[in-house]
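Summary of the model geometry
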Amino acid sequence: DPVMLSMYIGENKRDQHTLTASAIAQREDPDGGWSYEVFAAAYGDKNHPEFKWVKKIRNLGKKLNFTAEYGAMAQKVALTLMISEDAAQLYLDAREEMFEVSKNWKLDVIRNSKECGYTTTMMGARRHLGQAYTNKDKWIASKAERQGVNFEIQGSAAEQTKLAEGRMWKDNLAFDFDAVCIGPIHDEIVWSVRICDLVEFIPRMHACMVARYGGMTVPIEGDISFGLDFYNQVEIGAVPSREAIEKGLSEMWEAKAKRDAQKEAA
């Protein structure tokens, strides 16, 4: 999809969730002038008078991107976003207009998987769907259509995560450092690592995460976060530099001191 690719490649890179959100905002407030640039500026400014509304719409855009990409219809989107079905259809229409080629790609995946009886990941792993498509139960047959599309996306993502874990094992991360791999959580891989090892550990783990996959033209990036527990995390961006890690550590300790002070005050 040229619109989708343009967000990751070229000189006019944009955030997909913000782009979808700006399309929703234009439907919700036709006279508001909510171009992508205007919406992104408002979302990045906590002092903007419409910041709370913009943040809400941005969250809707993010949820809509995931649910729509996996084949959800208006009823499911309405339940997920806790909005009316009419509003859900409005949002879906706004997104489909934005990513028309992506919509047609899904139809091609469904048609091809029906003809072949299976669908594949980017590296060729198969999910067989022939029996589901020929099932007399129309619900099972329709579910196979969503499963076919989802497997090409989610199956490829899972494949990519597994390959990253394999690279981490081959790079001896668990042996060169005082570190233990906890495991994958969706599209993340979580480790427990001694704080004194972070500066050396993170760049090596990051390299395993962003290696090329499946002939993709879109560069693979990996956002990095760490913290003293799962809830209190510091995000340092997608570049594992010493400066970014040390700044993150400073923020981590400052946040801990603030939490400790609040506990003592309570």
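Structure's up top.
Residues numbered from 1 in each chain as written. Predicted model: local features only at pLDDT ≥ 70, side-chain atom pairs only at ≥ 80, totals over all residues. Heavy atoms only, no water.

Residues Met168, Trp191, Phe201 and Phe226 are the most contacted members of the largest nonpolar core, which totals 20 residues. Counting residues per element, the ones that place at least two in this core are helix H9 (138-170), strand S4 (188-193), helix H11 (198-209), strand S5 (224-227), strand S6 (233-237) and helix H12 (242-265). For this core, the element with the highest residue contribution is H11, accounting for five residues. (Core = buried A, V, L, I, M, F, W, Y, C linked by side-chain atoms within 4.5 Å. Buried < 20%, exposed > 50% of the residue type's maximum accessible area, 1.4 Å probe, protein only. Helix = DSSP H or I, 4+ residues; strand = E, 2+ residues; numbered from the N terminus.)

This part takes up unusual backbone geometry. The backbone of Asn172 shows a phi angle near 60°, a positive value even though the residue is not glycine. Within the element layout of this structure, Asn172 appears in the loop between H9 and helix H10 (173-176). Notably, His186 is not glycine yet its phi reads approximately 60°, a positive angle. Its place among the elements puts His186 in the loop between strand S3 (179-185) and S4.

Moving on, we come to the packing of H9 against H11. At a closest axis distance of 8 Å, the pairing of H9 and H11 adopts a crossing angle of 140°. Here H9 lies oblique to H11, going by the angle between them. Considering the relative orientation of H9 and H11, their crossing is right-handed. For the pair formed by H9 and H11, the contact residues are Ala164, Arg167 and Met168 on the first element and Met205, Cys208 and Met209 on the second. A class-by-class count of the residues in the contact of H9 with H11 yields five nonpolar, no polar and one charged. (Axes fitted to C-alpha atoms, helices over the stretch in contact; angles between N-to-C directions. Parallel < 35°, antiparallel > 145°, perpendicular 65-115°, else oblique. Left-handed = near helix turned anticlockwise from the far one by under 90°. Contact = heavy atoms within 4.5 Å. Nonpolar A, V, L, I, M, F, W, Y, C, P; charged D, E, K, R; others polar.)

Applying the stated criterion to the full structure yields five aromatic pairs. Where Trp34 meets Trp53, the ring centres are 5.4 Å apart and the plane angle is 45°; that geometry is what we call tilted. Of the two residues, Trp34 is situated in the loop between helix H2 (16-28) and helix H3 (36-43) and Trp53 in helix H4 (residues 51-69); the sequence distance between them amounts to 19 residues. Note on Trp34: relative accessible area 7%, which makes it buried. Classification of Trp53 by relative accessible area gives partly exposed; the value is 27%. A centroid spacing of 5.5 Å and a plane angle of 85° characterise the contact between Phe177 and Phe201, whose relative ring orientation is edge-to-face. In this pair, Phe177 sits in the loop between H10 and S3 while Phe201 sits in helix H11, placing the two residues 24 residues apart along the sequence. By relative accessible area, Phe201 is classed as buried at 2%. In textbook terms, an aromatic cluster arises when at least three aromatic residues are bridged by ring pairs, as seen for Trp34, Phe39 and Trp53. (Phe/Tyr/Trp six-rings, centres within 6.5 Å; stacked < 30°, edge-to-face > 60°.)

Treat this as a map of the structure, not an account of what it does.
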